[in-house]
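Listed below are the residues making up each chain.
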Number of protein chains: 2
Amino acid sequence: MSTLLELVSKCNCVADIELLAEREGLYEFVVNGRLVGHLSASDISALRGVVNAQAHPAFKFDDVQRTLSFSEGFDDCASRSAAVAELLGQMRSGKTWASLSKWRNELYPVYDGTAGIAVMIERAASYNFGIRTFGVHINGFTRSTTGELRMWVGRRSPHKPTWPGYLDQIAAGGIGDGMGAWECMVKECGEEAGIPPELARRGRFAGTIQYFTRSELGLQPETQFVFDLELPDDFVPAPTDGEVDSFLHMTLDEAVDRLKQGEFKPNCAACVIDFLIRRGFLTPDTEPEYLSILDNLHRPLPHPAPRYNN
Amino acid sequence: MSTLLELVSKCNCVADIELLAEREGLYEFVVNGRLVGHLSASDISALRGVVNAQAHPAFKFDDVQRTLSFSEGFDDCASRSAAVAELLGQMRSGKTWASLSKWRNELYPVYDGTAGIAVMIERAASYNFGIRTFGVHINGFTRSTTGELRMWVGRRSPHKPTWPGYLDQIAAGGIGDGMGAWECMVKECGEEAGIPPELARRGRFAGTIQYFTRSELGLQPETQFVFDLELPDDFVPAPTDGEVDSFLHMTLDEAVDRLKQGEFKPNCAACVIDFLIRRGFLTPDTEPEYLSILDNLHRPLPHPAPRYNN
């Protein structure tokens, strides 16, 4: 049994990235003088081996400041992204980073703190660079005639490489390739739960959760755009892409029980807890760690936030 | 005209308290080794004058670490609170701190990071000690048959000493004297808007907003428990205690316009913006600074969070 605070702290497990960087000798990934990620000492060492062997001019290592940055001349997104793509391609062939065996062919943007993108990086390497990633998490729920809410929750396939069999949102996914959060929400609803677009579009933005997590893959500071999607009583989500084993329709009490039993994937637990707080189901009267939970759901990140063009 | 990011940043205006403390020579208020507040150099100097004149044994000043703390023997809430009350009583008579002329006769708790209270301090002095304060903000709204939301918003009396004539929540107030957030919400709804308790109890906890602000009164790191209260169509709030001049019933578009015109008191602006985000009215598609706004609405505070007994 876990407390809800333990669950959100497990998701937001990197409490102090500066302390961790100091202790483990992490390198900061710096673009235009802004911190945009962190790399482990061993990833830096492997990366440097390939850079040196190729005498690749794009990358600069500073072993005093412990930073990785781009050399002069690599001053825009296009030239930096091309250099990273070339390097990662070589590292993939050379099996330099194990993570690259799961090449996704999907680019993640690294924001520069203004309205622009500093560099695009293949998704499979995002954990190695420790860049801030973005995703969507959708809370699918129904409301009975008496007003009682129930959540639709997915059970991950037992064959998923990460968190097999754990409970998950009705749909969720990373945002890549310059897609917008809304568009990504509609896409994931269709792909993961068979929710047709006209129904998915009933979803509503409900803010974000934000955490800094670490897994066997690496460091992941992440912002999830949260959506609430009220579904009609007679709609039943259906696994469509093999990622989900089945869907469960549960009362909020049952969701809390299953949270405390540790059945949810950690960032999904955080998203469900945020839903329960926003809907007034969890309160300081029932949850002694209410404020500390909220701090862990809305953790600030040192990386630049994107600014949306509109 | 202000952007919404400018509004929340104006509320959460102390971005880096450590930097500010360094720059202005603030003293940390430390209890049981935990930072619980900050005092200005001039407030410390005036306070020290009174402590020295009385040879008051409870207070310890460290001019190297720049801390104010309690002496040995003042190890529990009762003895510390009595010492503070005695000192503030003398300072009130002696007009040492101007703030004490607005004595509230209401005690604010300073939490100790476990389940306990470190010390209780008269509300009028809370800004001088820079302690973390707690309040409730209530979003009163109606929903039309077509689902359109409108907010009830109070206009502060032109005679209020702070922010006269500015727009405010339908009801809001500080939590003192060991009152719970729920109880405080019901009380403020009655006192400020004439909302009867049975109607106020339809309110729902909806999370918190949290900011570190500074005004002419002093430093104020604050956590506001946010409530959403859906009101019936035919209910009209009524000014009851002279604090509110009138109430306005506005569409969400009008709320955004009035926000940008700077008509709202800053922390009320933050609470309305949080409501608009949670309800999906503000989205990254319409609001370019969406993520930075959220960071300013959920700013972490270094002070211990209370743990609720239940």
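For every chain, the first residue of its written sequence is number 1, and the numbers climb from 1 along that sequence. For naming, the first written chain is A and the first written ligand is 1, with later ones following in the order written. For a predicted model such as this one, the threshold for reporting local features is a pLDDT of at least 70, and the threshold for listing and counting side-chain atom pairs is 80 or more; totals across whole chains, interfaces and linings nevertheless cover every residue. Side-chain numbers here rest on the full set of heavy atoms in the structure, without hydrogens or water.

Points about the environment of Ile170 of chain A
All names here are of chain A. Position of Ile170 relative to the elements: it lies in the loop between β9 (167-168) and β10 (171-174). Put simply, Ile170 and Gly190 are 20 residues apart on the chain and 11 Å apart in space, counted from C-alpha to C-alpha. Contacts between residues were defined by any pair of non-hydrogen atoms, one from each residue, lying within 4.5 Å. If near-sequence neighbours (up to four positions away) are discounted, Ile170 is found in contact with Ile138, Gly140, Trp152, Gly154, Glu192, Ala193, Ile195, Leu231, Pro237 and Phe247. In this description a helix means any DSSP run of H or I spanning at least four residues, a strand means any run of E spanning at least two, and both kinds are numbered starting from the N terminus.

Looking at empty space enclosed by the protein
Computed over the protein atoms alone on a 1 Å grid, cavities are sets of points where a 1.4 Å probe fits but cannot get out and pockets are open sets with protein on both sides within 12 Å along at least five of seven lines; a residue lines them when it has an atom within 4 Å of a point. Grid points are joined across faces, edges and corners, and a volume is the space filled by probe spheres set on the points. As enumerated under the stated definition, the model contains four cavities of 30 Å³ or more in all. Put simply, the largest cavity is a space of about 120 Å³. Taken together, 16 residues form the lining of the largest cavity, with Arg278 and His298 of chain A together with Asp274, Arg278 and His298 of chain B sitting closest to its centre. Counting residues per element, the ones that place at least two in the lining of the largest cavity are β11 (204-215) and α9 (266-278) of chain A together with β11 (204-215) and α9 (266-278) of chain B. Amino acid classes used here: Ala, Val, Leu, Ile, Met, Phe, Trp, Tyr, Cys and Pro are nonpolar; Asp, Glu, Lys and Arg are charged; the rest, including Gly, are polar. Broken down by class, the residue content of the lining of the largest cavity amounts to six nonpolar, six polar and four charged.

Overview of the sheet that holds strand β3 (residues 59-62) of chain B
Residues and elements named next belong to chain B. With respect to topology, four strands assemble into an open sheet ordered β2-β1-β4-β3, the strand pairing being mixed. The outermost strands of the open sheet, each flanked by one partner alone, are β2 (34-39) and β3. Sheet twist, expressed as the average angle between the axes of neighbouring strands with direction ignored, equals 30 degrees. Should DSSP find at least two bridges between two strands, the strands are regarded as paired. By the bridge criterion, two bridges tie strand β1 (residues 27-31) to strand β4 (residues 67-70) in an arrangement that is parallel. Note that in β4 the partner of Phe29 across the bridge is Leu68. Throughout, an axis means a line fitted to C-alpha atoms (over the contacting stretch in the case of helices), and angles, computed between N-to-C directions, take values from 0 to 180 degrees. Packing against the sheet, helix α4 (residues 77-93) makes contact with β1, β3 and β4, and its axis sits at approximately 80 degrees to β3.

A few points about the pattern of salt bridges
Close approach of charged atoms lets side chains of opposite charge pair. All names here are of chain A. Salt bridge criterion: a side-chain nitrogen from Lys or Arg within 4 Å of a carboxyl oxygen from Asp or Glu. Applying the stated criterion to the full structure yields 32 salt bridges over all chains. One salt bridge connects Arg123 with Glu106, and the closest N-O pair in it is separated by 3.2 Å. With Arg123 in the loop between β6 (117-122) and α5 (126-129) and Glu106 in the loop between α4 (77-93) and β5 (107-111), the pair connects residues that are 17 residues apart, well separated along the chain. We note that Arg123, like Glu106, is buried. Through salt bridges with shared partners, a single network forms among Arg155, Glu254, Arg258 and Glu263. The classification of residues rests on relative accessible area computed with a 1.4 Å probe and restricted to protein chains. Under 20% of the type maximum is buried, over 50% is exposed, and intermediate values are partly exposed.

Notes on the domain arrangement of chain A
How big an interface is tends to be reported as the loss of accessible area on association of its parts. Residues and elements named next belong to chain A. Domain limits in this description derive from either an automatic procedure or a database domain assignment. You can read the domains of chain A as domain 1 (17-129) and domain 2 (133-297). A straight line from the C-alpha centre of domain 1 to that of domain 2 covers 30 Å. Between domain 1 and domain 2, the residue contacts involve 13 residues of the former and twelve residues of the latter. Of the roughly 1200 Å² buried at the junction of domain 1 and domain 2 (both faces included), carbon and sulfur atoms supply 61%. For Glu24, the salt bridge goes to Arg214, with nearest N and O atoms at 2.7 Å. Elements with a minimum of two residues in the side of domain 1 that touches domain 2: α2 (17-24), β5 and α5. The dominant element in the side of domain 1 that touches domain 2, judged by the number of residues it contributes, is β5, at four residues. Considering only residue class, the side of domain 1 that touches domain 2 consists of eight nonpolar, two polar and three charged. We define buried area as the total accessible area lost by two parts upon association, computed with a 1.4 Å probe and summed across both.

Digging into unusual backbone geometry
Residue and element names in this part refer to chain A. Phi is positive for Arg66, close to 55 degrees, though the residue is something other than glycine. Assignment of secondary structure puts Arg66 in the loop between β3 (59-62) and β4 (67-70). On the basis of relative accessibility, which here comes to 21%, the residue Arg66 falls in the partly exposed class. A positive phi angle is found at Trp163, which is not glycine, with a value near 50 degrees. As for its position among the elements, Trp163 is in the loop between β8 (149-156) and β9.

Let's talk about the pairing of β5 of chain A
Residue and element names in this part refer to chain A. In this sheet, β6 lies alongside β5 in antiparallel orientation, the contact comprising five bridges. In the strand pairing of β6, Val110 is matched with Val119. In this antiparallel pair of consecutive strands, β5 and β6, the connection spans five residues, and Gly113 shows a positive phi of 90 degrees.

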